[in-house]
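Coordinate inspection notes
The chain contents come next:
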Amino acid sequence: MSEDPTDTETAPEPKADDSRHAEKMAKKKAARDKIMATKSGDKGLIIVHTGKGKGKSSAAFGMIFRHIAHGKPSAVVQFIKGAMWTGERDLIEKHFSDLCAFHTMGEGFTWETQDRARDVAAAGAAWEKAKELIRDERNSMVLLDEINIALRYDYLDLAEVVRFLKEEKPYMTHVVLTGRNAKEELFEIADLVTEMELIKHPFRSGIKGQAGVEY
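Everything quoted here is computed from the prediction, not taken from an experiment.

**Some details on the overall build of the chain**
Summing up its helical and strand segments, the chain has eight helices and six strands in all. Secondary structure elements of the chain occur, N-terminal to C-terminal, as α-β-α-β-α-β-α-α-β-α-α-β-α-β. Counting the 215 residues in the chain, one finds 37% classified as buried. Put simply, of all contacts in the chain between residues at least 6 apart along the chain, 80% involve residues at least 24 apart. Of the accessible surface of the chain, which amounts to about 13500 Å², a share of 52% is contributed by carbon and sulfur atoms.

Put into structure tokens, the structure is as follows:
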């Protein structure tokens, strides 16, 4: 008897599990297609990335690079990390400045500046620039990197930020807000909220931030 697995007369019958799996996936696809058929609208989203876990800004920059890949103008305002060089900033400023305006307005983390008045002034200037960029409807997406930290320490008026996003953000403009401890008021107006959960971090094992991973 031939042992050639391509021999249709001797090849084993498909397993019952395979058939059940195919049937299950077909039903899932049909249900998914039905749901997707009801989703036809477009709108500019308010997106919040928060939580103690790593990856909030990284995920946001991923969307900025998607915009760049699609040829869509975008902008970044960094509220805190101004004193620190980052790979994203270098890449955008060197190669994609025509598609993404990059404004580093912060002067470093609060424990580094140790000057509340200076931090408040820097945050205020960053917010004014952010409003200018958001009002400009040529920008499809504006990333407000680490604005949640500025709001946490009351460097900015939360009510003013919420009011502006609700009333003045152009309908088709996406705005992304990152940073730990995002306020509940932002959750209420946001279309998408993701909380990064910390399970394990190399810093706790004595490993410092590394180029290409943290910055």
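There's more to say after this.
**Observations regarding the packing of aromatic side chains**
Considering all chains together, one arrives at three aromatic pairs under this definition. An angle of 80° between the planes, with centres 5.4 Å apart, marks the rings of Trp127 and Phe164 as edge-to-face. Taken together, the positions of Trp127 in helix H5 (residues 116-135) and Phe164 in helix H7 (residues 158-167) put the pair 37 residues apart, joining distant regions of the chain. Its relative accessible area of 0% is what places Phe164 among the buried residues. Geometrically, the ring pair formed by Tyr153 and Tyr155 is stacked, given 5.9 Å between the ring centres and 25° between the ring planes. Tyr153 sits in the partly exposed class, given a relative accessible area of 33%.

**Quick word on the sheet that holds strand S5 (residues 174-178)**
As summarised here, the arrangement of the six strands in space is S3-S2-S4-S5-S1-S6, forming an open sheet in which the pairing is parallel. Lying at the two open borders of the sheet, with one neighbouring strand each, are strand S3 (100-104) and strand S6 (192-195). Each strand of the sheet is rotated relative to its neighbour by a mean of 10°, with strand direction disregarded. Where strand S1 (residues 46-50) lies against S5, four bridges are found, and the strand directions are parallel. Bridging from a neighbouring strand, Ile47 pairs with Val176 of S5. This element, helix H3 (residues 87-95), spans strand S2 (74-78) and S3 of the sheet and lies at about 135° to S3.

**Concerning the pairing of S1**
The buried fraction of S1 amounts to five of the five residues, a majority that puts the element mostly inside the structure. Here S1 shows two buried faces, one formed by Ile46, Val48 and Thr50 and the other by Ile47 and His49.

**Digging into the pairing of strand S4 (residues 141-145)**
Burial analysis of S4 places five of its five residues in the buried class, the great majority of the element. Burial along S4 is two-sided: Met141, Leu143 and Asp145 and Val142 and Leu144, pointing in opposite directions, are all buried. Here S2 pairs with S4 via five bridges, running parallel. Bridge assignment links Gln78 to a residue of S4, and that residue is Asp145. Pairing of S4 with S5 involves four bridges; the strand directions are parallel. When the bridges of S5 are listed, Val142 appears paired with Val175.

**With respect to unusual backbone geometry**
Of note in the backbone geometry, Glu146 takes a positive phi value of approximately 65° without being a glycine. Structurally, the position occupied by Glu146 is in the loop between S4 and helix H6 (147-152). Unusually for a residue other than glycine, Asn181 sits at a positive phi of about 55°. Structurally, Asn181 can be placed in the loop between S5 and helix H8 (184-189).

**Here we look at the pattern of salt bridges**
Within this structure, the stated rule accounts for 12 salt bridges. Of the charged contacts, one joins Glu23 and Lys27 as a salt bridge, the two residues approaching to 3.6 Å between their closest N and O atoms. Here Glu23 pairs with Lys27, and both are found in helix H1 (residues 16-36), just four residues apart, close to one helical turn. Through salt bridges with shared partners, a single network forms among Glu128, Lys131, Arg135, Glu160, Arg163, Glu167 and Glu168.

Calculation notes
Just so you know, the residues in each chain are numbered from 1, in the order the chain's sequence is written. Since the coordinates come from a predicted model, pLDDT governs what is reported: local features require at least 70, and pairs of side-chain atoms require 80 or more to be given and counted, while whole-chain, interface and lining totals use all residues. Derived side-chain values reflect all non-hydrogen atoms in the structure, with water molecules and hydrogen atoms excluded from consideration. By the criteria applied, helices consist of DSSP H or I runs no shorter than four residues and strands consist of E runs no shorter than two, each listed in order from the N terminus. The buried label applies to any residue whose accessible area, calculated with a 1.4 Å probe on protein chains only, is under 20% of its type's maximum; exposed applies above 50%, and partly exposed to all values in between. Contact definition: two residues touch when any of their heavy atoms are within 4.5 Å. All accessibility values rest on the Shrake-Rupley procedure with a 1.4 Å probe; residue burial counts only the protein chains present in the view. Ring pairs are drawn from Phe, Tyr and Trp, using the six-membered ring of Trp, whenever the two centres fall within 6.5 Å, and their geometry is named by plane angle: stacked under 30 degrees, edge-to-face over 60, tilted for the rest. Strand pairing follows a simple DSSP-based rule, namely that at least 2 bridges must link the two strands. Angles shown run from 0 to 180 degrees and are taken between the N-to-C directions of axes, each axis being a line fitted to C-alpha atoms and, for helices, limited to the stretch in contact. Every case where a carboxyl oxygen of Asp or Glu lies within 4 Å of a side-chain nitrogen of Lys or Arg is listed as a salt bridge.

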